[in-house]
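Close look at the chain arrangement
So the chains spell out like this:
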Amino acid sequence: MELNDRVVLITGASMGIGAATALAFAEHPVRLALLARSEQRLQTLAAELNARPGVTALPLAADVSDRESVARAVGRTQEAWGAIDILVNNAGVGMSSPIGEIDLILARQLFDINYWGAIHVTEAVLPDMRARRDGLIINISSIIGRRAMPGSGVYCSSKFALNALSESMRVELRPHNIRVVSFYPGVTESEFSRNLLTGGSSVHGQGRMRPTPAAKVGQAIVRAASREPRDAYATLFDRFFVFSAAVAPWLMDWMLAKFYGKRTREN
Ligand SMILES: NC(=O)c1ccc[n+]([C@@H]2O[C@H](COP(=O)([O-])OP(=O)(O)OC[C@H]3O[C@@H](n4cnc5c(N)ncnc54)[C@H](OP(=O)(O)O)[C@@H]3O)[C@@H](O)[C@H]2O)c1
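Our subject in this report is the structure included herewith. (Residues numbered from 1 in each chain as written. Predicted model: local features only at pLDDT ≥ 70, side-chain atom pairs only at ≥ 80, totals over all residues.)

Looking only at helices and strands, the protein has nine helices and seven strands in total. In terms of overall dimensions, the protein is globule-like: its C-alpha atoms have a radius of gyration of 18 Å, near the 18 Å expected for 267 residues. Structurally, the protein occupies a C-alpha span of about 55 × 40 × 30 Å along its principal axes. A sequence separation of at least 24 residues applies to 72% of the contacts in the protein between residues at least 6 apart. (Helix = DSSP H or I, 4+ residues; strand = E, 2+ residues; numbered from the N terminus. Rg over C-alpha atoms; globule rule 2.2 N^0.38 Å. Contact = placed C-beta atoms within 7 Å.)

What follows is the structure, given as C-alpha cells:
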C-alpha cells in the first residue's frame, strides 16, 4: 500500500511497540488515530507527532475490551477523517500462568484485550473498508503465538487464537480487497513485562534474551504495511525461531524443558 495521506488507527499506541509504530508511520504524511487507555500519554505522543510536517494525530482514550468504547473511538476518527485505511491491532497484555495456578478472572481479562479487543476494533472499521473495497489490517501476534512457551500458556493461547482469526479473515476479506498481515514480534524493549496482568516478571524468556528496540519493530510494521506480506517479522532470529519450531517441535520441547527446568529451580 502507498502510505502517503493514509488514515491509520493504532491500538495500544500509548507506549512500547504501538507508540514506536506511530512514530515510524510519521516518517510519511499520514493521519494517525492513537487508541489506548492512558489519555495523558496519548496526548503527549500526539503533540510530538503533530509537530512533524504533514502529520496529524488524534488521541483516543478507549478500552479495546469495551465494545462501546471502541465504537465511539472509531466513530470519532471517521467523523474527523472519513474511512480508516490501515488498522494495526496492537493492544495487548501478558501474564505469567503456569498450569495449576491460572487466575481465571485475569485469564478472561487477557482474552478480552488480546483477542476480543482485536475483534471489537476490526468489526468497527470493516463496514467502511468493505464499502470502499480497500483496507489493510495488521494483527500484532507474537513468535510465541506460533510456539507456546512454558509458564505463559494463557498469553500464548490468546495469540494462537488471534492467528486463527487472521487466517480466516485473510481469505474471507480477499474479495473485498481488504488485506490481512500477521506480524510476529519477538522479545522487544517495551513496558510489556512491567504491565503483566499477574504482576512480577514473565518466565518465558523476557529479561534473559537481548530485546529488540521497539523502534526497530515499529519500522518493520510500517514496512509490512507498505509491502503487505502474509506473515511479517522484525528480525531474522524471530523468523528462524518460528521456522525451527515448525520443522522440529520435539527439539524445541527438549530445549525449552532444559531452559524452563533450570529457571524453575533458580526461582
Ligand atoms: N514486548 C514484547 O516482547 C512483545 C513480544 C511479542 C508480542 N508483543 C505484543 O506486542 C503488542 C504491544 O506490546 P508492547 O510490548 O508494546 O507492550 P506495552 O509496552 O505494555 O504496551 C501495550 C499497549 O497496549 C495498550 N493496552 C493494554 N490494554 C489495553 C486496553 N484494554 N485497551 C486499549 N489499549 C490497551 C497499552 O496502553 P494503556 O495501558 O494506556 O491502555 C499499551 O499502549 C502486544 O500485543 C504484545 O502482546 C510484545
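Structure's up, so let's keep going.
When the terminal C-alpha atoms of helix 6 (residues 153-173) are compared, their 30 Å separation across 21 residues agrees well with the 30 Å that a helix rising 1.5 Å per residue should span. All of the buried residues along helix 6 are Val154, Tyr155, Cys156, Ser158, Lys159, Leu162, Ser166 and Met169. Those residues of helix 6 that are buried are in contact with helix 4 (104-114), helix 5 (116-132), strand 5 (135-140) and strand 6 (178-184). (Expected span 1.5 Å × (residues − 1). Buried ≥ 20, exposed ≤ 12 C-beta atoms within 10 Å, placed from the backbone.)

Moving on: the pairing of strand 5. Along strand 5, six of the six residues are buried, which leaves the element largely enclosed by surrounding structure. Here strand 5 shows two buried faces, one formed by Gly135, Ile137 and Asn139 and the other by Leu136, Ile138 and Ile140. Here four bridges tie strand 4 (residues 86-89) to strand 5, and the two strands are oriented parallel to one another. Pairing of Asn89 across the sheet is with Asn139, part of strand 5. Two strands pair when backbone bridges link them, and strand 5 and strand 6 are joined in this way by six bridges, in the parallel orientation. Paired with Ile137 across the strands is Val180, a residue of strand 6. Note that the unit made of strand 5, helix 6 and strand 6 has a crossover that is right-handed. (Pairing = 2+ DSSP bridges. Right-handed = clockwise from strand over helix to strand, strands pointing away.)

The next subject is the nonpolar core. By size, the foremost hydrophobic cluster in this structure holds 76 residues, and its most contacted members are Val8, Ala22, Leu32, Leu34, Leu35, Ile138 and Ile221. Those residues within four positions of Val8 in sequence are excluded, and the remaining contacts are Phe25, Val30, Leu32, Ala33, Asp85, Ile86 and Val88. (Core = buried A, V, L, I, M, F, W, Y, C linked by C-beta atoms within 7 Å.)

Now for the environment of Asp231. Turning to its location among the elements, Asp231 is positioned in strand 7 (residues 231-233). Since 15 C-beta atoms lie within 10 Å of it, Asp231 is described here as partly exposed. The spacing of Asp231 and Ala257 is 26 residues in sequence and 28 Å in space, taken between C-alpha atoms. With residues near it in sequence (within four places) discarded, Asp231 still touches Ser182 and Tyr184.

Our next topic: the site of the ligand. Looking at the ligand, there are 28 residues lining it, with Gly12, Gly16, Arg37, Ser38 and Gly92 nearest. A per-element tally of the shell around the ligand places helix 1 (residues 16-25) first, with three residues. (Near = placed C-beta within 6 Å.)

Phi angles above zero are rare outside glycine, and Asp5 is one such case at about 65°. Mapped onto the elements of the fold, Asp5 is located in the segment before strand 1 (7-11). Residue Asp5 is classed as exposed on the basis of its C-beta count, with 11 C-beta atoms lying within 10 Å. Phi is positive for Asn177, which is not a glycine, with a value near 60°. Along the chain, Asn177 falls in the loop between helix 6 and strand 6. Overall, the presence of 13 C-beta atoms within 10 Å leaves Asn177 in the partly exposed class.

Mapped onto the fold, Asp134 is located in the loop between helix 5 and strand 5. Considered as a pair, Asp134 and Leu173 are 39 residues apart in the sequence and their alpha carbons are 10.0 Å apart. Setting aside residues no more than four positions away along its own chain, Asp134 makes contact with Met129 and Asn177.

An order of 3-2-1-4-5-6-7 is seen for the seven strands of this open sheet, with the pairing classed as parallel. The open sheet has two edge strands with one neighbour each: strand 3 (56-61) and strand 7. Along the sheet, successive strands turn relative to each other by an average axial angle of 20°, direction set aside. Packed on one face of the sheet, helix 6 meets strand 5 and strand 6 and runs near 155° to strand 6. (Axes fitted to C-alpha atoms, helices over the stretch in contact; angles between N-to-C directions.)

A word on the pairing of strand 2 (residues 31-36). Of all six residues in strand 2, six are buried; the element is thus mostly enclosed. The alternating pattern of strand 2 places Arg31, Ala33 and Leu35 on one face and Leu32, Leu34 and Ala36 on the opposite face, and all of these are buried. Of the strand pairs in this sheet, strand 1 and strand 2 are connected by five bridges, and their pairing is parallel. Counted as the bridge partner of Val8 is Leu32 from strand 2. Note that the unit made of strand 1, helix 1 and strand 2 has a crossover that is right-handed. Sheet topology note: the strand 2/strand 3 ladder contains six bridges and is parallel. Bridge pairing links Leu35 to Leu60 in strand 3. With helix 2 (residues 39-50) bridging strand 2 and its parallel neighbour strand 3, the resulting β-α-β unit is right-handed.

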